[in-house]
Amino acid sequence: MPVYEYKALKRTGEATNGIVDADSPRDARNKLRGQSLLVTDLTPVGEAVATAVPKVGLPKIFSRKRLSEVAIMTRQLATLLSAGIPLAQGLAALVEQCESHRLEVALRDIRERVTSGRTFADALTNHPSLFNKLYINMVRAGEASGNLDVILARLADYLHGQYRIQGKIIAALTYPAIMVLVG
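Calculation rules
- Each chain has its residues counted from 1, running along the sequence as written.
- Totals for whole chains, interfaces and linings use all residues, but because this is a predicted model, local features are given only for residues with pLDDT of at least 70 and pairs of side-chain atoms are given and counted only at 80 or more.
- Computation of side-chain values covers all heavy atoms of the structure but excludes hydrogens and water.
- Note on terminology: a nonpolar core comprises buried Ala, Val, Leu, Ile, Met, Phe, Trp, Tyr and Cys residues joined through side-chain atoms within 4.5 Å.
- When a residue's accessible area, from a 1.4 Å probe over protein chains only, is under 20% of the maximum for its type it is buried; when over 50% it is exposed; and in between it is partly exposed.
- Going along the chain from the N terminus, every DSSP run of H or I of four or more residues is numbered as a helix, and every run of E of two or more is numbered as a strand.
- Whether two residues are in contact is decided by their heavy atoms: any pair within 4.5 Å suffices.
- Two strands make a pair as long as DSSP finds a minimum of two bridges between them.
- For helices, the fitted axis covers only the stretch in contact; all axes are lines through C-alpha atoms, and the angles between them, taken along N-to-C directions, range from 0 to 180 degrees.
- We call two directions roughly parallel when the angle between them is under 35 degrees, roughly antiparallel when it is over 145, roughly perpendicular when it lies between 65 and 115, and oblique otherwise.
- Note: crossing handedness is left-handed where the near helix turns anticlockwise from the far helix by less than a right angle, and right-handed where it turns clockwise.
- Salt bridges are defined as contacts in which a side-chain nitrogen from Lys or Arg sits within 4 Å of a carboxyl oxygen from Asp or Glu.
- Three categories are distinguished: nonpolar for Ala, Val, Leu, Ile, Met, Phe, Trp, Tyr, Cys and Pro, charged for Asp, Glu, Lys and Arg, and polar for the others, with Gly belonging to the last.

Let us look at the nonpolar core. Residues Phe120, Phe131, Tyr135, Val139 and Leu152 are the most contacted members of the largest nonpolar core, which totals 32 residues. Contributions of two or more residues to this core are made by helix H3 (64–82), helix H4 (87–97), helix H5 (101–115), helix H6 (120–124), helix H7 (133–145) and helix H8 (148–182). Residues within four places of Phe131 in sequence aside, it is in contact with Val70, Met73, Ile110, Leu124 and Ile136. Formed by ten residues, the second largest nonpolar core is a distinct cluster that contains Tyr4, Tyr6, Ala28 and Leu32.

In this section: the sheet that holds strand S1 (residues 3–9). Read from one edge to the other, the open sheet built from three strands follows the order S2-S1-S3, with strand pairing classed as antiparallel. Because the sheet does not close on itself, it has two edges, and the strands there are strand S2 (15–21) and strand S3 (38–44). Within the sheet, the average angular offset between the axes of one strand and its neighbour, ignoring direction, is 25°. The pairing of S1 with S2 spans seven bridges and is classified as antiparallel. Of the residues in S2, the one forming a bridge with Glu5 is Ile19. Sheet strands in contact with helix H1 (residues 25–34) are S1, S2 and S3, and its direction is about 145° off that of S3. Packed onto the sheet, H5 meets S1 and S2 and runs at close to 25° relative to S2.

What follows concerns the packing of H7 against H8. Packing of H7 against H8 brings their axes to within 8 Å, and their N-to-C directions diverge by 155°. Between H7 and H8, the interaxial angle falls into the category roughly antiparallel. Two packed elements cross with a definite hand, and for H7 against H8 that hand is right-handed. Residues Leu134, Tyr135, Met138, Val139, Gly142 and Glu143 of H7 touch H8, and the partners they reach there are Leu148, Ile151, Leu152, Leu155, Tyr158 and Leu159.

Turning our eyes to something else, we now look at the pattern of salt bridges. With the rule as written, the count across this model stands at seven salt bridges. One salt-bridge network, in which partners are shared between bridges, spans Asp21, Glu104, Arg108, Arg111 and Glu112.

A separate point is unusual backbone geometry. Even without glycine at this site, Ser36 takes up a positive phi of about 60°. Summarising the element assignment, Ser36 is placed in the loop between H1 and S3. A relative accessible area of 31% places Ser36 in the partly exposed class.

Taken N-terminus to C-terminus, the directions of H4 and H5 make an angle of 160°; their axes are 9 Å apart at the nearest point. The angle between the axes of H4 and H5 places the two elements in the roughly antiparallel class. Both H4 and H5 take part in a crossing whose hand is left-handed. Residues Leu87, Ala88, Leu91, Ala92, Leu94 and Val95 of H4 touch H5, and the partners they reach there are Glu104, Leu107, Arg108, Ile110, Arg111, Val114 and Thr115. Along the lines of polarity and charge, the residues of the contact of H4 with H5 split into nine nonpolar, one polar and three charged.

Here is the structure:
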């Protein structure tokens, strides 16, 4: 079932947005109409990700929050898979408890692609801003060997280490940067 990102108006005139699972855009609009929402924009998630314009701004070293979210999600998925839960059900569970809107949209899209027959690694390639080539290739190796849960646990350890290193680098550069500005 495709995933759609929507912008809508409530009866009170308040703007809202979110994501919805539906078979077609018409079904998505009907589902939202049933929730008393007037849809102003409806975009399939795959198109929204493909046409997203990269933001110019701070270097990637400052994207610590994204790295932390992916590390936590990877650890949770590794735990679910090692407990014997199928990948599609594990992804569905992660979607339900995800706090980040950006990660939730990506996970819904990945879950839909996996349930439609694509491999997990192929589904991850549609979200390069969240999953780099190393992550995707490690997942591909885990799928080929049948040890996806072990690989995901190792990836979570690696991402957590990267998160800690980034924190140390930022902390080490903060004082000199302040001194340069003051000077």
